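# Inside the fold
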Amino acid sequence: MFPKRLTDGYQAFLQGRFDSERARYQALAEKGQTPEILVIGCCDSRVAPETIFDAGPGELFVVRNVANLVPPCDPDSESSYHGTSAAIEFAVNGLNVKHIVVLGHASCGGIRSFYDESQPLSKMDFIGKWMSQIAPVAERLGATTGDRDKDIKRMELAVVEHSLNNLMTFPSIRRRVESGALQLHGTYFGVATGLLFVRDPATGEFSPCLEAPIAN
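Residues numbered from 1 in each chain as written. Predicted model: local features only at pLDDT ≥ 70, side-chain atom pairs only at ≥ 80, totals over all residues. Heavy atoms only, no water.

Turning our attention to the sheet that holds strand 4 (residues 183–189). Sheet strands line up and pair through hydrogen bonds in the backbone, either parallel or antiparallel. Sheet architecture is open: six strands sit in the order 2-1-3-4-5-6, paired in mixed fashion. This sheet does not close on itself; its edge strands, each paired only once, are strand 2 (60–65) and strand 6 (206–208). Averaged over neighbouring strand pairs, the angle between their axes works out to 30° when direction is ignored. When strand 1 (residues 37–42) meets strand 3 (residues 99–105), the two strands line up parallel, connected through five bridges. Pairing of Gly-41 across the sheet is with Leu-103, part of strand 3. Sitting on the sheet, helix 4 (residues 83–94) touches strand 1, strand 2 and strand 3, and the angle it makes with strand 2 is about 170°. Of the strands in this sheet, strand 1, strand 3, strand 4, strand 5 (196–199) and strand 6 touch helix 8 (residues 148–167), which is tilted by about 165° from strand 4. (Pairing = 2+ DSSP bridges. Helix = DSSP H or I, 4+ residues; strand = E, 2+ residues; numbered from the N terminus. Axes fitted to C-alpha atoms, helices over the stretch in contact; angles between N-to-C directions. Contact = heavy atoms within 4.5 Å.)

Printed below as a string of structure tokens:
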């Protein structure tokens, strides 16, 4: 049986957002999408970009995977599929987005499992193989600080930077960035606090997106 939660949610959508934005959906269907922002986020259910940025239909092009990872550009590899790379290619070369935002977050299960060297969830170990991409990140971070929570947060932030660096291995992205047609942004969301931090490309430091965020 189809989940009642989804049926109820869909009914609320029809009577709420769809009803109030019917003309917008119609225009998007007829003219296609033209989002200016690509968000690469984690598939964690607590970190939905459309919710965090209060985005309407057609405003964001979103790619989500475990731990918001961007693999390096490797078009000649025949050993795996390139779902994330294909979505990035479409957003950049097909939609001509002007911004790419890598959205990391606190309490990332994928990064925690890598840090803890957790046992595979299945014999296939898809997560383990996927997360092995950040082995160089862990190596660069070096020895533990002695504080597990601090170490994991360091790794979560470092993975955002890792993904930004890998984006620049895509020739089309590098050309657009160097010409000023495209900007890359690193961000980090606190699940418990709701605070969003933005990476300064000059220093690599993450600072609050808003100086005085207001939440009811």
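Next comes the rest of the write-up.
Throughout the structure, instances matching the rule amount to five aromatic pairs. Geometrically, the ring pair formed by Phe-61 and Phe-90 is tilted, given 5.7 Å between the ring centres and 50° between the ring planes. A residue pair is termed long-range when its members are at least 10 positions apart, and Phe-61 in strand 2 and Phe-90 in helix 4 qualify at 29 residues. For Phe-90, a relative accessible area of 40% corresponds to the partly exposed category. Pairwise contacts between aromatic rings join Tyr-10, Phe-13, Phe-18 and Tyr-25 into one cluster. (Phe/Tyr/Trp six-rings, centres within 6.5 Å; stacked < 30°, edge-to-face > 60°. Buried < 20%, exposed > 50% of the residue type's maximum accessible area, 1.4 Å probe, protein only.)

With that settled, the discussion passes to the UniProt feature "binding site: Zn(2+)" (unreviewed entry) in the protein chain. On the UniProt side, "binding site: Zn(2+)" (unreviewed entry) is annotated at positions that read Cys-42, Asp-44, His-105 and Cys-108 here. Despite a sequence span of 67 residues, these residues sit close together in the fold, their greatest C-alpha distance being 9.1 Å. Mapped onto the secondary structure, Asp-44 falls in the loop between strand 1 and helix 3 (49–52). Not counting chain neighbours up to four residues away, the residues in contact with Asp-44 comprise Arg-64, His-105 and Ser-107. Among the structural elements, His-105 can be located in strand 3. Judged by its relative accessible area of 2%, His-105 falls in the buried class. His-105 has contacts with Cys-42, Asp-44, Arg-46, Val-47, Asn-68, Glu-156, Tyr-188, Phe-189 and Val-191, leaving out every residue within four places of it along the chain. (UniProt positions renumbered as here; feature names shortened; annotations may be inferred.)

Note that strand 4 and strand 5 share three bridges and pair antiparallel. Residue pairing in the sheet places Thr-187 in a bridge with Val-198 of strand 5. Linking strand 4 to strand 5, which pair antiparallel, is a turn of six residues; within it Gly-194 sits at a positive phi near 80°. Across three bridges, strand 5 lies against strand 6 in antiparallel orientation. Directly across from Arg-199, in strand 6, lies its bridge partner Phe-206.

This next bit is on the nonpolar core. Ranked by size, the top nonpolar core spans 23 residues in total, and within it Leu-38, Ile-88, Val-97, Ile-100, Leu-167 and Ile-173 carry the most contacts. Put simply, the parts of the chain that give this core at least two residues each are strand 1, strand 2, helix 4, strand 3 and helix 8. Those residues in contact with Ile-88, other than ones at most four positions away along the chain, are Leu-38, Ile-40, Val-70, Leu-167 and Ile-173. If you look at the next biggest cluster of nonpolar residues, it comprises 12 residues, including Cys-42, Ala-67, Met-131 and Val-159. (Core = buried A, V, L, I, M, F, W, Y, C linked by side-chain atoms within 4.5 Å.)

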